[in-house]
Each structure stands twice: as C-alpha cells, then as structure tokens.
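Reading the structure
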Amino acid sequence: QVQLVESGGGLVQAGGSLRLSCAASGSIFRLNTMAWYRQAPGKPRELVAIIGSGGITNYADSVKGRFIISRDNRKITMWLQMNSLKPEDTAVYYCNGRYGSSDYWGQGTQVTVSS
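Residues numbered from 1 in each chain as written. Predicted model: local features only at pLDDT ≥ 70, side-chain atom pairs only at ≥ 80, totals over all residues. Heavy atoms only, no water.

**With respect to the pattern of salt bridges**
Counted by the stated rule, this structure contains five salt bridges. With a closest N to O distance of 2.8 Å, Arg38 and Glu46 form a salt bridge. Under the relative-accessibility criterion, Arg38 is labelled buried at 5%. According to the relative accessible area criterion, Glu46 is partly exposed, its value standing at 35%. Between Arg66 and Asp89 there is a salt bridge whose closest N-O contact spans 2.8 Å. Separated by 23 residues along the polypeptide, Arg66 in the loop between strand E6 (57-59) and strand E7 (67-72) and Asp89 in the loop between strand E8 (77-82) and strand E9 (91-99) bring together distant segments of the chain. By the burial criterion, Arg66 is buried, and Asp89 matches it. Put simply, Arg38, Glu46, Arg66 and Asp89 are held in one network by salt bridges that share partners. (Salt bridge = Lys/Arg side-chain N within 4 Å of Asp/Glu carboxyl O. Buried < 20%, exposed > 50% of the residue type's maximum accessible area, 1.4 Å probe, protein only. Helix = DSSP H or I, 4+ residues; strand = E, 2+ residues; numbered from the N terminus.)

Right under this line is the structure:
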C-alpha cells in the first residue's frame, strides 16, 4: 500500500506564505511526474504546479511568480512554496504522483487565505 501525505496547510493572511509538503510512504521507491492540485469551493479541481523527475516545472498562470514547486527524488518528497498568498488561493491542496500504471493521491490539506 502506498500513501501520499500532505502537510503544511493552515490559515494565513493575504500576502503571507505557506510551505506545503508531500511525503510518500509504503511500498514505493520512486515517482515520475509529481504535481499539486487544488480544489476551491464550487470550483473543479485544477492543476497548480507540476514537476517531472528531471526537475522540469510548469505552473498555472494564476500562481506563476508566487509559487515554487520542488522535489527530492531520493526521499520521494515534494514541496510547494506559496508566497504572496491571495484569498483566491483558498482551496484544498492535493498531492499527486505517478509511476507506471499507478496514480497516487494524498488526502488533501486545507489552505485558507483571509482577506
């Protein structure tokens, strides 16, 4: 059994920062693409940032220049540094990882940005 576990969410004022972490556990040794998704109330789940095993990254336009995704392949861990947070960033953030035919998801962590 493989699990991805997010941490680091919470309540922050607009303009503040949070750092989300995603750690893998169980029978897993590597992942290919890893990504952060989020789902805001009344909105579909959307891709926030993605990073390949070689470190190539891409970001949603709404977070470019504010968020940074990174990973450590040795530890099978991923982070999302979130700066200059806005109320519209409020959502449940989900960690995603893929390897072979498997697609793994975390349980989500709530990020709330107050005005």
